[in-house]
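# Architecture at a glance
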Amino acid sequence: MEEVPEESSNGMALPPQEDSSSSQQSQVKSNKRLRPSVPVGPPQKRKKRKSSWRRPSARVGYHIHEAEDMLLIVPNLEEPAARAHRKKACHLRKLARPTTNVHQHRRTRRERTRHDVDLSLGQEKQSSPEDSTISGPGWGNHIPLEILVRIFQMIVASEGAVPFLCRAARVCRLWYDATSHSVLWQKVSLAPPWPPHSKGPFSKVEKRILSSLEWLVPNRFSLLRDLSLSHWKNHVPLMLKAVGVSCPHLTSLKLSHCQSVTTEALVSLLRTCPKLDSLNLQNSQVSAFSHLSLPFSKSLFPFSLTTKKEPSNDLLHVCFQVESTAVVSFLEAAGAQLQQLWLTYSSQMTAIVSLLSNGCCPQLQLLEVDTGIKPNNQHFQLHIEALQAGCPKLQVLRLLNLVWSPKTGGRGVALGPGFPDLEELCLATSTITYVSDEVLYRLLHKSAHLRVLDLRGCARLTPAGLGRLPCPIVEQLHLGLYGSVIWVALPKEGSSLITWKWRRTLQELDLNGQCYHEGDLKQALAAFSSTDSGHSPILRSLSLKGTQVTVATISSVISSCPALSYLNLSSCRYLPRGLKRAYRGQAEIQWCLDQLLTIF
């Protein structure tokens with residue numbers, strides 16, 4: 001018989017009674033905190049929480065449209081794929097996605113389907129097939145190679161070829177091809193990439209660097225024209241040998257503060273590079289041989305050397321002292337093709353000048369000799385007329401900080417051929433000088449094209465001697481005295497002979513430390529205030545440091561020289577405080593004029 005549910009007193013059916021098992025489960029749940037629950041049956045799998053980030057999309061949501069004068073970044077107008085195919089495509093994208101881009105931010109569906117708003121500039125909704133669509137991270141691969149080479153040329157011109165081209169070649173294949181163009185490697189300056197040479201055989205770093213240079217020279221330097229090596233302590237002959245083999249177009253070589261430079265390496269380089277006509281050896285040590293490592297044997301070297309024997313490998317490290325005669329030997333062997341020569345003063349300077357006077361360098365156009373960092377008070381004699389005959393094409397002559405005196409020719413001796421092509425003469429010095437009016441005239445009596453005359457420190461010169469020079473187009477005149485001159489009486493008048501002679505051509509004038517009195521300076525600087533014959537002054541730089549110039553004179557000069565961009569009024573005793581300084585730029589000079597006018 002079927003059981004009938006019991007009814008309550010009000011006639012409603014009572015709920016069914018719970019099982020004993022369900023009551024036990026409720027009791028166990030209530031006692032969870034009292035004792036740990038023991039799992040009953042197989043373990044249940046936990047549900048994974050849904051991630052909040054969207055799966056990355058492989059499509060790029062924009063393309064580039066090239067207009068007449070701009071590049072428009074247009075969003076993608078493609079419709080989203082059907083839902084049935086999106087799940088499979090999402091799975092494929094998940095397999096192709098790299099693990100490093102998991103947390104990369106992606107566009108939402110609303111951003112990908114946005115349209116018409118960004119196209120309100122009047123452009124078409126879809127680009128034509130001719131439009132270049134550049135998308136993805138490889139946009140740099142679409143730059144034409146010729147344009148990229150042109151960009152690199154501008155960078156190389158301002159920053160140099162090394163190390164820029166070496167680093168740019170490691171970016172991508174296109175940049176590697178661009179940096180491999182030989183037109184970018186026409187001017188190279190290399191500093192020593194290794195530490196100073198240590199005792200014993202080459203280190204691993206040196207071998208690796210030498211192998212890199214061995215590859216770089218024949219593969220990149222085929223059009224090299226200008227090479228500069230600075231502070232190389234060793235391996236200079238090896239580098240010059242490689243350059244001589246692979247660089248037939250080399251025209252200029254600079255070895256600054258280099259050691260172990262040999263005469264044989266220079267001569268062989270000049271023979272293999274017929275276009276080499278410029279050589280700079282300032283502050284470099286040129287010797288007949290370089291640093292050698294040879295088996296020790298006293299019979300090999302019967303002459304005296306600076307030697308050092310190592311007991312471990314029984315090698316003799318021979319370090320020859322610097323031979324000044326090596327430069328003389330080099331000029332005798334290969335001086336005929338030189339046009340520019342830079343040297344540092346040595347004990348054989350008289351022999352070098354005599355060699356030049358005898359005509360070993362008939363094509364020489366530039367000659368510069370300095371004393372380097374350390375001052376040198378050694379004296380040598382210069383035969384002016386012989387040098388003029390040996391170097392008739394000389395255009396630039398610089399004898400910097402040297403103590404020299406001319407060989408006296410005696411009265412009645414005819415002047416030499418002069419320097420008819422000379423454009424720059426620099427005899428600046430900070431020591432005692434023997435350059436007088438007569439010596440200067442012997443140097444410049446045929447130099448009608450002289451434009452730069454630097455006579456700083458030559459205190460024996462007078463305004464009358466300068467006014468007698470047959471040089472009508474001097475543009476830069478430097479007569480400043482930057483040291484204490486107590487061994488000669490300085491002139492106090494006659495400066496007007498200088499300024500009125502070259503008032504139409506002077507662009508830079510330096511009268512630093514001269515003792516001309518205020519009236520003479522006023523008359524001299526009045527040459528730049530007059531506008532006779534319709535010629536306005538073109539003065540750009542004026543240095544009057546330590547002179548007796550007055551306020552009225554300076555105000556007149558500034559008002560009459562509109563091109564003036566540099567004015568030095570330091571230590572001028574007749575000027576008020578606050579104005580005794582150097583002014584750079586026309587704005588500062590105009591401010592100085594305003595201040596002077598308020599005082600005047």
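Computed from a predicted structure; not experimentally measured.

Turning our eyes to something else, we now look at the environment of Ala414. Tracing the backbone through its elements, the reader meets Ala414 in the loop between β16 (403-406) and β17 (424-426). A sequence separation of 29 residues divides Ala414 from Glu385, and the C-alpha atoms of the two residues are 9.5 Å apart.

Approximately 550 Å³ is the volume found for the second largest pocket. Taken together, 21 residues make up the lining of the second largest pocket; nearest its centre are Val162, Cys166, Ser212, Leu213 and Leu216. Those elements that provide at least two residues to the lining of the second largest pocket are α5 (164-168), α6 (173-179) and α7 (204-220). Per-element tally for the lining of the second largest pocket: the top contributor is α7, with seven residues. Its residues placed into classes, the lining of the second largest pocket shows 15 nonpolar, two polar and four charged.

Moving on, we get to the pattern of salt bridges. Under the criterion given, the structure shown has eight salt bridges. One salt bridge in this structure joins Arg442 and Glu385, with 2.9 Å as the shortest N-O distance. Of this pair, Arg442 sits in helix α13 (residues 437-444) while Glu385 sits in helix α12 (residues 384-390), and the two are 57 residues apart along the sequence. Considered together, Arg442 and Glu385 belong to a single accessibility category, that of buried residues.

Buried together is how nonpolar side chains tend to be arranged in soluble globular proteins. Judged by nonpolar contacts, the single largest core of 122 residues is most densely connected at Leu266, Leu331, Trp404, Leu425 and Leu444. Residue contributions to this core peak at six residues, all from helix α10 (residues 325-334). Apart from residues lying up to four places away in sequence, Leu266 is in contact with Leu240, Leu253, Leu255, Val261, Leu279, Leu281, Val286 and Phe330.

Cis rather than trans, the peptide bond between Val162 and Pro163 has omega equal to 10°. Relative to the assigned elements, Pro163 resides in the loop between α4 (145-159) and α5. Backbone geometry places Ser260, a non-glycine residue, at a positive phi of 55°. Inspection of the secondary structure puts Ser260 in the loop between β5 (252-256) and β6 (261-262). Among the residues examined, Ser260 registers a relative accessible area of 13% and is labelled buried.

Okay, α4 next. The terminal C-alpha atoms of α4, which comprises 15 residues, lie 21 Å apart, in line with the 21 Å expected from a rise of 1.5 Å per residue. Taken together, the buried positions of α4 are occupied by Leu148, Val149, Phe152 and Val156. The buried residues of α4 occupy one face: seen down the axis, they fall within an arc of 95°. Exposed side of α4, more than 90 degrees from the buried face: Glu146, Arg150, Met154, Ala157 and Ser158 are the residues found there.

Calculation notes
- Residues numbered from 1 in each chain as written.
- Predicted model: local features only at pLDDT ≥ 70, side-chain atom pairs only at ≥ 80, totals over all residues.
- Heavy atoms only, no water.
- Helix = DSSP H or I, 4+ residues; strand = E, 2+ residues; numbered from the N terminus.
- 1 Å grid on protein atoms, 1.4 Å probe; cavity = no way out; pocket = protein on both sides within 12 Å on 5 of 7 lines; lining within 4 Å.
- Points joined across faces, edges and corners; volume = space filled by probe spheres on them.
- Nonpolar A, V, L, I, M, F, W, Y, C, P; charged D, E, K, R; others polar.
- Salt bridge = Lys/Arg side-chain N within 4 Å of Asp/Glu carboxyl O.
- Buried < 20%, exposed > 50% of the residue type's maximum accessible area, 1.4 Å probe, protein only.
- Core = buried A, V, L, I, M, F, W, Y, C linked by side-chain atoms within 4.5 Å.
- Contact = heavy atoms within 4.5 Å.
- Expected span 1.5 Å × (residues − 1).
- Arc of directions from axis to C-beta.

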